[in-house]
Structures are given as structure tokens and as C-alpha cells.
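# Summary of the model geometry
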Amino acid sequence: MKKTYTFRLRKLILLALTCYAIHASAQNDSLMNTKSTDSAKTRLNMDAIYNRPFLVSNKLPVALGGYIEANTQYSGTDGVTEGFSFQMRRLTLFMSSTIAKNIKFLTEIEFEEGTKEINIEFCAADFQFNPLLVFRGGIIMNPIGAYNQNHDGPRWDFIDRPLTATGIIPTTLSNVGAGLHGKYFMHNWIMGYEFYLTNGFDDKVIDNEEGRTSLGAGKSNADKFDVSNSGTPMYTGKVAIRNRQFGEIGISYMRGIYNKFRADGLKIDDKRYATVLAADFNTSLLKNKLNITGEFARVMVDVPSTYTQQYGSKQWGAYTDVIYTLVKRKMLGWNSAQLNVGLRGELVDYNEGVFTETSTNIGDEFWALVPCLAFRPSGTTVIRFNYRFEGATDLFGNPPSRTNTIQLGISSYF
Amino acid sequence: MILNSLFAQNKKMKNKLAFTGILILFVIIFNACEKFLPSAPEADSVMDAPIDGLTYEQNKLFLEGAEEFDEVYTTETGLGPLFVSTSCGSCHAGDNRGHPFTALTRFGQSDTTGNKFLDFGAPQIQHRALPGFVGETIPNGATSSKFLAPIASGVGFLELVSDEDILAMSDPLDQNGDGISGVPNWNTIPGWVKPFKDAKVKNGKYICRFGRKGATYNLHQQVAGAFNNDMGITTTFLPNNPFNYLTGTQPAPPSEPEITDASVNGVVFYLQTLQAPIQRNMDDEEVMKGKAVFKSIGCENCHKETLKTGPSPLKGLNQVEFHPYTDLLLHDMGAELNDSYTEGSALASEWRTTPLWGLGLSADAQGGKVFLLHDGRAHSISEAIQYHGGEGDKSRKNFTDLTESDRNALIKFLESL
């Protein structure tokens, strides 16, 4: 009995400290000015990388920024729980500078789970000849779907990224490459396009310990910034259109050979492609009180016929977030604080189709419902509470395992 | 009034109170977390727990073995190049019966004189292959049979049934005149398989008990064989990769075995200490009636309800009775179940009596449908019984002649297993 009480007390103190620390820092006058971003209404998802709060000082030629994501988690599957954990999901630093007129540079470096994974997620220069014609080269985020481009923790009221944007499209997906992007404005409309050639995935897409087709497993090749595994480029293209009143819709497509099919000039395998088609949308209704965001993605992968159907040749995922702002006013001393409630629904089928042997459906399906409550002291900081209900079937479609996860976390730009 | 103005005076105070209130709310929620998590399935609806009475150390070993059992192997960790499936768990989902997707094909032996197709990679086809390799097909002129994975739960108990007990159940000349003979599979065992202390030996052959034809001696042989033949993974026991006669390539074995002896032993320990399936609704009247029918129409002559283990250093396995509904013997099941393929001293029409435990939970492991008998050809329990010929013919007739209520009770009993 006594032990649980001291444990509770410790938890209480820890929580209080974390929260008061945020509270305090938000009230501290910053040494540098934060250059806030303008209304998202005139922006597309493709602008997300520049549309962030940066710290600028008159003495420094660069603007600095970053964000953190951390949370507590308590989760259990079918009566088995690994207990309670604190998770430091990621620390991301970004730096940008205007090198010369119409030449911009930005880099984003991410530390995941402490220093377990350190990635350069973005590191590219933009040369603008015309708003319709900007050349970008370096390590760039493949513009597939919207979440991949617009994944900063503080923007979301949910702690976990949607499975469509992790298991189907492996956020953050970035590769070395180059290409063009541009925008066109007309009255209430903005249209944008992006087209890049980059290095692609590797053979692990269909040969990995997850035991399922996974673009995520095929993106981690340590050599990928140096060589394209297949020796051929991957194409990614996206068009998006936004109306200031109605919202944004984007369609994107990505295709490339993922396997090593020749070595020293000799053919060692057939060429096999991975193709992704994605659609995304977001809209704000009821005077911005109701925000709806969603994405659909479909992956098609060439799998050799004598390999195993455990690795599916088709998969898809979709999610929708609905966020409603309950109150937006001065709260607890913050001038434009906001309290949101929301719900995320998601569905993923990692392996579409039927078994050749039985003509019965191949399982490996997931679904989740995530209610959330989020308090935003300011637009750039969020304290969020999520309660995640998840179900998953195995390859054969046997009765699903059920997982519930309770999470309380913070995410903030700094 | 006074209170109100006090609060108005000190808005900051109010803020902090609200703030602390929210905090306390979250702490309460987190402390009550367990109540918000999904509950465990009933113990008798799953079969992946360890036997009772393991020490902490043994629990850890069990968990390591379980992890290995479910590990999906890849090129990097030794899979293939030729294989049938990528993990033990993919064929033995939930430790119960396997799905036709992971069925394997054996070929090349049609009588007791041995396998004539060893040069063609017999006895097992690895029809799947890593990208860039070619899977095998059955060579011309070879007979073959498809095998679905039998239930893995409870095999630790089956391994410990003494040879003496098995021989006692066998009746090769049908001296009791019940139409059922039942013989063990006397088979040669490889040098790296250590026979048990009180093993019976006949002409250098041992009583084998695992597999559809009962041709495998013990769990160690089963596991090392599965790694090699089912997944193309080499061990110190079986250091060569399966080869493809079609392309004539047997990839040179890696200089080191692809997995360690410790991993093999871990999986063996997992299987040995894996629980047996638990019967459900034992005391239900209809179930009890069905059980009586099961015995009266002669099913139990092969599907023996109770066996006992010999001595074991593990308390939970030491000389205990258990209820697998098998005699671990081979029976001639007639022409319909004769695939013209066999192993060891079994005839092509002979099969080891399938343990019936876990039968009622098969659908939860086989994707909602059931696939019974060695190759999954039966899609219901009654259909499986209807395939019983040869020594099983009499009990099949008895089953057909049952009144509807007796038949329903029997099925209900079988579903409770």
C-alpha cells in the first residue's frame, strides 16, 4: 500500500514539475524574437517546412528553431501490459538562412528516442527563378501524402503519428535528390506542384523482420545518401490546390525500382517497382473551430511469384482527424489559449488480396480510434491527452488482438 | 461574496488551482490505467502460456524461446535461399493447427524401403525462394503429400510418454479383435539426436512420435529440422542449406551456422514447457454425453484420452497425466487418405493419430475456418470423421449411424477440446 502511495506522489511531483516548467518558460521573455508564422490559410502542406516559428537575431545570418515531443504512456494488449513509460520521442532542430536574394537554405536534424536514431531529415537549398519555378536540391522530403511534409509534433493534437503515415508512407521519408516546385495564386485559390527525382528504397521492402511489405523497412539503408540501391532514380510528384474558404486537396504519386537488379554490369534479378499513390485533404469549418484533416495512401509493390504472400503486393491506409476547438480565450494566464477535443479514426490493410491456397482474405489489418483532449497555451505548444483503442489481426485474419494506450504528452516548438 | 472577491483579487491563484486540478485528474487517470486496458482472454481460449511451476530463470528461457519461435527470419538472419515459410509462428499460429498457406510438401517415398529422391532434395519441397532464386517443384515420377502444421501446444508432454507406454497401446496383430492395430514408427535417427534413457531399440531403429507420419524422434530433431527444411536456416546439427535440383545449386553453407545452438535449445525449451490446451465446458451435460458417445463408438481406441509423462526435472511435467486424445501410433486409414507418400516404417496409408486437443480453437488459428486432417482437406469435424477409413472405418460407420442428438453431443464434446 505504502509503496503505491509514494509512487503516486512521485508521479504527481514529476508531472507537476514538467507542466510548471512549460508554464514558466512560456511566460519568460525570450532573448530572441520569435518570428511567428502567418495564417495557415494562405499556405499549402508543401510550405510546412518553412512555415515554422524561427528564432531570429539581427546579429546572426541564420534563423534557428526546433521542437520536442515527449510523453508518458501506459499501454496494454489483451491483458498484458509492459507498464508505464516516459518516452522522449524526438528532438528536432532546424536552421534556415537566406543565402542571397531568392536563394534559401533549410536543414532539419532529428534525434529520435534520445540519440538512438539521428537523421538529417531535410537539408536543401531552394533557388527561386519565379514563384512558379523553384529548383530544390539536397536531402528533400518526398512529397507523398501530406503528413510526411507536415509532420512537426506541435502541429498535431495526437501523440502517435497515424499508421497511414508510418506503416504505409514511412514518415519521415526523405532522400537525396533534386527537382522543381512552384505555386500559382489566383483570387482565393493557390495551386502548387512539386516534382523530384531522388534515391529510392532498398530490398528490405519485402525482406524484413516486420514480416510484411514495408516501405519503412526499405528506407533505412545507411548508404542511401550515397547511392541509390537500384541504381535508378525514384520519381515523386504532387499537385495541391487550396481555396481560402474550403481547404486543400493534394494528390501525389511516387514510383521507383527498389531492388538491386544488377551488379557489376550483370543482371541479378528482375526490376521490381514500388509505387505509391496518395490523396490528402484538410479543411476548416465553423470559423476555424472545426478542423478536419485526412489522408489516403495505397502502395503497390512487385513481389516475385515464388516468394511468399506474407509480403503483400498491395497495401493501403487511411485516416481522418476531426478537431473541435471548445474554447479559445485567455486561460491560465495565456492570452490566446485553446482547448480542443478531437477524434482520429484510422484503418490500414498491410496485405490486400487473398491467399492462393484458400482464396480467403489475407489479414494483417489494423484499425484505431483515438479520442484526444489538447490544451494549447499558444499555437506553438500543445499538452495533449490521448486514449487510443486499437485492433489488429494477424496474417490469417484470426480474432484481433486489442490494444489500449493512454498517453499524456507535450510537444512544443522552441 | 467575500470568497468571490477574494478569487477575483487573485486570478493567478485561481489559475493555479485549475491547473493543479487538471494535473490531479490526469494522475488519477494514470493510476487507474489498468482498468482502461483490454482484459486478458480467458486462459482456456489461448495456449501460449508456460506450464505451471517454472522458476524465474526458466520463465526467462521460455520467453526467449517464444521470441525465437515468433521471429520472422530474413536474408540477413539466414532465411532461405529456399524456404517454405519465414517463422515457426507463421506455420504454428497461436501454437495451434496451421493454415493451408503454410502447408509444406513432402515427396519421394512411397513404401518402407526409403526415399528414392534424395538426390532431388527429398523429402521436402521448398517451393518458396528469396527474390532472385527459384523455388522447387516436385520432380517427375515422385509421389507427394501436403502437410499442415499440427498443434504445437502440449508437445512437451507428448515427448515424455515412455516408449513402454506407447508399445503397450500398440496391437500390431489386432489380438483384441477391435479392428484396430496401431504400430509405432520405428525409424533411424541421425547421430546428433540423443535417444532417451529408457529408449527401446529394434535393429538400430527407435520409436519416433512427432510429425504426421510419426517419423521424428524428439523435439530437438523436430526443431533443428524445421529451421533447416522449413526456413532454410543452418545450425551445427544441419549445416547445409536445402538445394534445388532444378538449378543444381546448393548454396555453400555459411562458415558459421546461421543460428546458434543456444537459439535451437531455447526453442526446444519453449516447446517443452509450453502448456497443453485446456478443455472448456467440461461439466456441460451435452459435452459429457458427447464424451461418452466418443468412447462408445470406438474413437477412443485411437484417440486415447489419457497418457502420462515419465520422469522430468520440471515439476509440471514430471509423471503427470494429461489428455491429448492420441496414442502416438500409426493407423492404416484406408485408401482415401493414402497419398502414396510415406516416411520411416509407416505405410503410405498410415498416419499418426492426430491429438484432438485444441480442436475447438482451431478456427481461431486458421483464419475463422477449419482445415483438418494432415493436408487440411476436411472443413469441419464431421467431414474429418467421414474421411476415416481402414482401421477407422468401423467408428466412422458408428458415427454415421448415431442419432442426431448423439451426433450433436459428440461434435459439442470435440469442440470443447
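Residues numbered from 1 in each chain as written. Chains lettered and ligands numbered in written order. Predicted model: local features only at pLDDT ≥ 70, side-chain atom pairs only at ≥ 80, totals over all residues. Heavy atoms only, no water.

### A closer look at the packing of aromatic side chains
A ring pair, where both rings are aromatic, is described by two values, the distance of the centres and the angle of the planes. Residues and elements named next belong to chain B. Within this structure, the stated rule accounts for 34 aromatic pairs over all chains. The interplanar angle of 75 degrees and the centroid separation of 5.7 Å between the aromatic rings of tyrosine 206 and tyrosine 217 together place this pair among those described as edge-to-face. Of this pair, tyrosine 206 sits in strand E8 (residues 205-208) while tyrosine 217 sits in the loop between E8 and helix H7 (219-231), placing them 11 residues apart in sequence. Among the residues examined, tyrosine 206 registers a relative accessible area of 16% and is labelled buried. Tyrosine 217 sits in the buried class, given a relative accessible area of 1%. Where phenylalanine 294 meets phenylalanine 413, the ring centres are 5.3 Å apart and the plane angle is 55 degrees; that geometry is what we call tilted. (Phe/Tyr/Trp six-rings, centres within 6.5 Å; stacked < 30°, edge-to-face > 60°. Helix = DSSP H or I, 4+ residues; strand = E, 2+ residues; numbered from the N terminus. Buried < 20%, exposed > 50% of the residue type's maximum accessible area, 1.4 Å probe, protein only.)

### Brief notes about empty space enclosed by the protein
All names here are of chain A. Counting across every chain of the model gives four cavities of 30 Å³ or more. When its volume is computed, the largest cavity comes out at roughly 50 Å³. Around the largest cavity sit Met46, Ile49, Phe122, Arg136, Met141, Gln149 and Glu194, which together line it. Considered class by class, the residues forming the lining of the largest cavity number four nonpolar, one polar and two charged. (1 Å grid on protein atoms, 1.4 Å probe; cavity = no way out; pocket = protein on both sides within 12 Å on 5 of 7 lines; lining within 4 Å. Points joined across faces, edges and corners; volume = space filled by probe spheres on them. Nonpolar A, V, L, I, M, F, W, Y, C, P; charged D, E, K, R; others polar.)

### Comments concerning the sheet that holds strand E6 (residues 185-187) of chain B
Strand pairs in the sheet, formed through backbone hydrogen bonds, run parallel or antiparallel to each other. Residue and element names in this part refer to chain B. With antiparallel pairing, the three strands of this open sheet are ordered in space as E6-E8-E7. What marks the edges here is a single partner per strand, and that holds for E6 and strand E7 (201-202). Sheet analysis places E6 next to E8, joined by three bridges and oriented antiparallel. Note on E8: the bridge partner recorded for asparagine 187 is tyrosine 206. (Pairing = 2+ DSSP bridges.)

### Focus: the side chain of Asp339(B)
Examined against the element boundaries, Asp339(B) turns out to sit in the loop between strand E11 (330-332) and strand E12 (350-352). Side-chain polar atoms of Asp339(B) contact the side chain of Arg377(B), separated by 3.2 Å. (Polar contact = N/O pair within 3.5 Å; in protein donor to acceptor, adjacent residues only side chain to side chain.)

### Focus: the interface of chain B and chain A
In this complex, chain B contributes 50 residues to the contact, which on the side of chain A involves 54 residues. Between chain B and chain A lies a buried interface of about 4,200 Å² when both sides are counted; carbon and sulfur atoms form 68% of it. Along the contact surface separating chain B from chain A lie two salt bridges. Notably, a salt bridge pairs Glu76(B) with Lys204(A), separated by 3.1 Å at the nearest N-O pair. Viewed at the interface, chain A and chain B are joined by 10 residue pairs in polar contact (both at pLDDT 80 or more). (Contact = heavy atoms within 4.5 Å. Buried area = accessible area lost by both parts, 1.4 Å probe. Salt bridge = Lys/Arg side-chain N within 4 Å of Asp/Glu carboxyl O.)

### What to know about helix H11 (residues 393-401) of chain B
Residue and element names in this part refer to chain B. Among all positions of H11, only Ser395, Arg396 and Phe399 are buried. On an axial view of H11, the arc spanned by its buried residues comes to 105 degrees, and they lie on one face. Opposite its buried face, H11 presents the exposed residues Lys394 and Asp401, each directed more than 90 degrees away. For H11, the secondary structure elements touched by its buried residues are helix H10 (381-386) and helix H12 (404-416). (Arc of directions from axis to C-beta.)

### Topic: the nonpolar core
In terms of nonpolar packing, the biggest core is built from 79 residues, with Phe201(A), Phe227(B) and Leu271(B) touching the most fellow members. Broken down by secondary-structure element, the contributors of at least two residues to this core are strand E14 (273-285) and strand E15 (290-301) of chain A together with helix H3 (56-70), helix H5 (155-159), helix H6 (163-169), E8, H7 and helix H8 (261-272) of chain B. Of all the elements, H8(B) adds the most residues to this core, at six residues. Both domains that meet at this core, namely domain 1 (56-272) and domain 2 (285-416) of chain B, each give it at least three residues. Excluding residues that lie within four positions of it along the chain, Phe227(B) makes contacts with Glu68(B), Tyr73(B), Gly232(B), Ile233(B), Ile259(B), Val264(B) and Val267(B). One finds Val84(B), Phe294(B), Leu359(B) and Phe399(B) within the second-largest nonpolar core, a separate group that totals 30 residues. (Core = buried A, V, L, I, M, F, W, Y, C linked by side-chain atoms within 4.5 Å. Domains from an automatic or database assignment.)

### Description of the sheet that holds strand E3 (residues 124-125) of chain B
Residue and element names in this part refer to chain B. What the three strands build is an open sheet, ordered E3-E2-E5; its pairing is antiparallel. Pairing within the sheet leaves two strands with one partner each, and these edge strands are E3 and strand E5 (144-147). Two strands pair when backbone bridges link them, and strand E2 (residues 104-107) and E5 are joined in this way by four bridges, in the antiparallel orientation. The residue bridging arginine 106 from the neighbouring strand is serine 145, located in E5.

### Some thoughts on the pairing of strand E18 (residues 365-378) of chain A
Residues and elements named next belong to chain A. By the bridge criterion, 12 bridges tie strand E17 (residues 334-349) to E18 in an arrangement that is antiparallel. Paired with valine 341 across the strands is leucine 373, a residue of E18. Here E18 runs beside strand E19 (residues 381-392); their pairing, made up of nine bridges, is antiparallel. Counterpart to tryptophan 367 in the pairing with E19 is glycine 391. Between E18 and E19, which follow one another and run antiparallel, lie two residues.

### Description of the domain arrangement of chain B
Interfaces are often described in size by the accessible area the parts lose on coming together. All names here are of chain B. Here chain B is partitioned into domain 1 (56-272) and domain 2 (285-416). Its C-alpha centre places domain 1 at a distance of 21 Å from the equivalent point of domain 2. Facing the 53 residues of domain 1 at the interface are 53 residues of domain 2. Across the domain 1/domain 2 interface, buried area totals approximately 4,400 Å², and carbon plus sulfur atoms make up 60% of it. Here glutamate 343 and arginine 106 are joined by a salt bridge, their closest N and O atoms 2.7 Å apart.

### Side note on the packing of helix H9 (residues 285-296) of chain B against H12(B)
Residue and element names in this part refer to chain B. It is at 7 Å that the axes of H9 and H12 come closest, and there the two elements cross at 100 degrees. In terms of axis orientation, H9 runs roughly perpendicular to H12. Across the interface between the two elements, Glu286, Val287, Lys289, Gly290, Lys291, Val293 and Phe294 from H9 touch Ser405, Asp406, Asn408, Ala409, Leu410, Lys412, Phe413, Leu414 and Ser416 from H12. Per-class residue counts for the contact of H9 with H12 are seven nonpolar, four polar and five charged. (Axes fitted to C-alpha atoms, helices over the stretch in contact; angles between N-to-C directions. Parallel < 35°, antiparallel > 145°, perpendicular 65-115°, else oblique.)

### Comments concerning the pattern of salt bridges
All names here are of chain A. This model, assessed by the stated rule, comprises 34 salt bridges over all chains. Note that arginine 242 is salt-bridged to glutamate 248, the shortest N-O span being 3.4 Å. In terms of burial, arginine 242 and glutamate 248 fall into one category: buried. It is possible to trace a salt-bridge network through shared partners that takes in Glu69, Arg90, Glu110, Glu112 and Arg384.

### What to know about the pairing of E17(A)
Strand direction decides the pairing type here: strand E16 (residues 314-331) of chain A and E17(A), joined by 14 bridges, are antiparallel. Its bridge partner lying in E17(A), Arg329(A) is registered against Ala337(A).

### Overview of the environment of Pro41(B)
Following the sequence through the fold, Pro41(B) ends up in the loop between helix H2 (11-31) and H3. By relative accessible area, which is 40% here, Pro41(B) ends up partly exposed. Ignoring anything within four residues of it in the chain, the contact list for Pro41(B) reads Asp78(A) and Val46(B).

### Here we look at unusual backbone geometry
At the junction of Gly80(B) and Pro81(B), the peptide bond is cis and its omega measures out at 10 degrees in the coordinates. If you trace the backbone, Pro81(B) turns up in the loop between H3 and strand E1 (82-83). For the bond from Ala122(B) to Pro123(B), the omega torsion is 5 degrees, close enough to zero to count as cis. Turning to its location among the elements, Pro123(B) is positioned in the loop between E2 and E3. Within the chain, Asp78(A) stands out as a residue other than glycine whose phi angle is a positive 45 degrees. For Asp78(A), the position within the fold is in the loop between strand E3 (62-77) and strand E4 (80-100).

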